[in-house]
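Here's the letter readout for the chains.
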Amino acid sequence: MAGMEKSQSWVGAGSEGEGTFFPASFGLAGGLLFPLAALIVWWIGSSLGLWNAFLLPSPAGVTRAAVKLAASGELLHHILSSALRIAWGFSLSCLTAFPLGVLLGVRPGLGRFFNPTLEFLRHVPPLALLPMLILWFGIGEASKTAVIVLATFFPVFLNTVDGVSRCDRKLIEVGRTLGLTERERFLRIILPSSLPSVLTGLRLGLGYSWRALIGAELIAASSGLGYLIHDAQALSRSDVIVVAILVMGVLGALTDDLFFRLARRLVPWRGEGRRGGRN
Amino acid sequence: MAGGIRLQGITKRYPLAEGEIRALDGLSLFFPKGSFTVVLGRSGSGKTTLLRLLAGLEEPTEGRILFSEDVRRGGRCGDGVGIVFQEPRLMPWLTVEDNVAFALKGRLEDAEIAARTTSILALLGMETFRSAYPDQLSGGMAQRVALGRTLAFDPEVILMDEPLGALDYFTRRRLQGEIAGLHRETGKTFLLVTHDVEEALALGDRVVVLEAGRVTDCFCIPFDRPRETGCPEFLPLRRRVLESIAGEQCLTGGH
C-alpha cells in the first residue's frame, strides 16, 4: 500500500561520483545555483520590462513588500497561525495514524474491518470535505485542523502499516530462538525495524500538511499564509503573494530538513548519518 | 535419560496445494551432551527442518523430542538451545556490541552484560568492531557476530544451519577452526548441518548422513581437531562418506 507513497530524492544530493551531476563538494552552494540563476533572470527581465510588473513584480518590489510585512509583525503573525495549525493537526494525525498503523501491521486480519472505510477516505481529497467540515466544526480552527488531519493521516498510517508488516520474519525468528516474549519481540525487533518507514511517513505527512493547510486557509481563514495570499489577491498585491509563496517554500524546506536531521539521529544504521547521503 | 537430546520417530510433513511433502520421515537420533554432530545431506534432505524442530521454531507432525534436564532448562524455547542461521540475521539498527548483547538485555545486570559481551568479542576477535553496524561488516565478520550472539545467550546446545555456506574458502576455513576451538573450550553440544563433506569431516565427532528425511548412514570421525582433511588417512573415510551421499556411480562419473 505504502509503496506508492515514496519519499522523493533530491538530485545532486548524493556523494561524489555516485551518478550525480554536481560533486558533493558543491554543498549548499550547489543547492543555491538554480535559485540564484532564477533570481538573476527574474531581475534582468523585470529591469528590462519584459513582462508586466503586475503579473510578476520585480525582486526589489517583493523585497520591499517582505520588509514591510516583517516590520509590521504581520508576516510573523501569519506564519505563527499557519505553524500552530500544522502543529495541532499533524500531532493529532500522528496520535491516531501511528497506533492504528501498528495495530493493522501487527494484526493484518483486522484490515478487512478497516480497509474499505480507509480506502474510501483515502481517495477523497481533504479540501473536497472542507465545506462539510465547516458545517460540522464551524469556520474556526477545528475545520482547518480536521483538513490537516485528513491530509496527513494516510502517509503516516500507510507507511506505519508497511513498516510494521514488512518486518523481516527471520529477525522475529531470531527473537523467538533467543527466548524473547511476544511483547519483547514487538518492542525490540518489529518497532525498530519499522522506524525508517514510519519516519518516511511522518516526513511525507508533514509536507502534505502544508499543502492542505494553505488550501484550507485560502477558503476559510482570517489569518495564516493562505489567508495572506487570498487577501493579497483581493487587493491585487502580487508582490505580497510572491512573498507568501517564498515563505511557504522556505518553511516547508526547513521543516523537511529538521525532519531529515531527526531521522539521521534516530536511524543511524541506514547509512545517512555516516555517509552524508540524502537519498 | 543420559545427557543430551533424543529424537524419537520424528516426522514432519508440510501440506501442499495437492498432497504433502515429507521433510523428515520417522527420524530417531541421539545427540549426547558435549558432542559435535554434523548432519550431512543434499539440498532438500531435511537438514534445516531438523534444526528448526530442535530450535523450537516448528513442531513435529509425529514423534517426540526429549531434552535431558541439564540441556533444556525451564522448558522455554531458547532457554537451552541456541541457533546460528545460514545468514547472520543481525539486527541492522544495533551495533556489533548490542547485537551480541541482544538476548541479555533485561535478563542480566548491565555490568554483567558488558563483561560477557567484552569477553565474547575478544573470543571472536571482534573488539575493534564493537561500534560498527552490521552493514559495515564482511560476511565472515557478520557470521562471527551471529555466533557471538548465540554464545552470549549461553545455551547448552548450539545448532548451526550451514553458517559458513555463503563465505569464501579462506574465511570458511578460518571460521571452521574457530568453531572447533569454541567446542573444545566451552564443552557445549554442537550440531551443525551442511552439504559440504570437507566441513563435516573437519568438524564433527560424528557425521550423520540424511537423505529424504531419513538417516542413511552414520560415521564416527576418530581424529583429533584441528584436522587436515586432505591428508592421506582421511581419503578412505572421505570416499565412504561421498559414496554414502552420492552413490558410487556418481563418484566414478557413472562408468
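Note that the structure is predicted; figures quoted are calculated from it, not measured.

### Quick notes on the pattern of salt bridges
- One pass over the full model with this rule turns up 29 salt bridges over all chains.
- Between Glu20(B) and Arg13(B) there is a salt bridge; the shortest N-O distance is 3.3 Å.
- Linked by salt bridges that have partners in common, Lys170(A), Glu173(A), Lys12(B), Arg52(B), Glu58(B), Glu87(B) and Arg89(B) make up one network.

### Some thoughts on the interface of chain B and chain A
- On the side of chain A, 18 residues touch chain B, which itself brings 25 residues to the contact.
- Both sides together, the interface formed by chain B and chain A hides about 2,100 Å², and carbon and sulfur atoms give 59% of it.
- Counting every contact that joins chain B to chain A gives 4 salt bridges.
- The interface formed by chain B and chain A includes 9 residue pairs in polar contact (both at pLDDT 80 or more).
- Elements supplying a minimum of two residues to the side of chain B that touches chain A: strand S5 (81–84) and helix H4 (139–153) of chain B.
- Residues belonging to the side of chain B that touches chain A are distributed by class as follows: 14 nonpolar, 3 polar and 8 charged.

### Observations concerning the sheet that holds strand S1 (residues 4–15) of chain B
Residues and elements named next belong to chain B.
- In spatial order, the strands read S2-S1-S4; together these 3 strands make up an open sheet with antiparallel pairing. Unpaired on one side and paired on the other, strand S2 (20–32) and strand S4 (62–67) mark the two borders of the sheet. Geometrically, the sheet is characterised by an average inter-axis angle of 20° between neighbouring strands, direction not taken into account.
- Sitting on the sheet, helix H1 (residues 47–54) touches S1, S2 and S4, and the angle it makes with S1 is about 120°.

### Focus: the packing of helix H3 (residues 74–106) of chain A against helix H8 (residues 182–219) of chain A
All names here are of chain A.
- Where H3 meets H8, the closest approach of the two axes is 9 Å, and the angle between their N-to-C directions is 145°. Considering how the two elements wind past one another, H3 and H8 form a crossing that is right-handed. On the side of H3, the interface is formed by Ser82, Arg85, Ile86, Phe90, Cys94, Phe98, Val102 and Val106, while H8 contributes Phe186, Leu191, Val198, Leu202, Gly205, Leu206, Ser209, Trp210, Leu213 and Glu217.

### What to know about the state of the cysteines
All names here are of chain B.
- Per the stated rule, a full pass over the model turns up 0 disulfides over all chains.
- The thiol of Cys218 is unpaired, and the distance to the nearest cysteine sulfur, on Cys220, comes to 5.7 Å.
- Cys218 gets classed as partly exposed once you look at its relative accessible area, which sits at 40%.
- Given the relative accessible area of 60%, Cys220 is considered exposed.

### Concerning the sheet that holds strand S9 (residues 214–220) of chain B
Residue and element names in this part refer to chain B.
- Across the sheet, 6 strands lie side by side as S5-S6-S7-S3-S8-S9; this open sheet has mixed pairing. Each having just a single partner strand, S5 and S9 make up the two edges of the open sheet. Each neighbouring strand pair of the sheet contributes to a mean axis angle of 20°, computed without reference to strand direction.
- With 5 bridges connecting them, strand S3 (residues 36–41) and strand S7 (residues 189–194) associate as parallel partners. Considered in S7, the bridge of Thr37 is made with Leu191.

### Here's the deal with the pairing of strand S6 (residues 157–161) of chain B
Residue and element names in this part refer to chain B.
- Counting buried residues along S6, 5 of its 5 residues qualify, which places the element largely inside the surrounding structure.
- Residues Val157, Leu159 and Asp161 line one face of S6 and the alternating positions Ile158 and Met160 line the opposite face, and both faces are buried.
- Remark: the S6/helix H5 (residues 169–186)/S7 crossover connection has right-handed handedness.

### With respect to the packing of aromatic side chains
- Overall, the coordinates contain 6 aromatic pairs over all chains when judged by the stated rule.
- Summarising the aromatic geometry, the rings of Tyr169(B) and Phe170(B) are spaced 5.2 Å apart at their centres and angled 80° between planes, so their arrangement reads as edge-to-face.
- A relative accessible area of 63% means that Phe170(B) is categorised as exposed.
- Put simply, the rings of Phe153(A), Phe154(A) and Phe157(A) touch in pairs and so form one group of aromatic residues.
- Directly above the aromatic system of Phe30(B) lies the positively charged group of Arg6(B), at a separation of 4.4 Å from the ring centroid.
- Just above the ring of Phe85(B) sits the side chain of Arg89(B); from NZ or CZ to the centre is 3.7 Å.

The rules behind each value
- Residues numbered from 1 in each chain as written.
- Chains lettered and ligands numbered in written order.
- Predicted model: local features only at pLDDT ≥ 70, side-chain atom pairs only at ≥ 80, totals over all residues.
- Heavy atoms only, no water.
- Salt bridge = Lys/Arg side-chain N within 4 Å of Asp/Glu carboxyl O.
- Contact = heavy atoms within 4.5 Å.
- Buried area = accessible area lost by both parts, 1.4 Å probe.
- Polar contact = N/O pair within 3.5 Å; in protein donor to acceptor, adjacent residues only side chain to side chain.
- Helix = DSSP H or I, 4+ residues; strand = E, 2+ residues; numbered from the N terminus.
- Nonpolar A, V, L, I, M, F, W, Y, C, P; charged D, E, K, R; others polar.
- Pairing = 2+ DSSP bridges.
- Axes fitted to C-alpha atoms, helices over the stretch in contact; angles between N-to-C directions.
- Left-handed = near helix turned anticlockwise from the far one by under 90°.
- Disulfide = S-S within 2.5 Å.
- Buried < 20%, exposed > 50% of the residue type's maximum accessible area, 1.4 Å probe, protein only.
- Right-handed = clockwise from strand over helix to strand, strands pointing away.
- Phe/Tyr/Trp six-rings, centres within 6.5 Å; stacked < 30°, edge-to-face > 60°.
- Lys NZ or Arg CZ within 6 Å of the ring centre and 35° of its normal.

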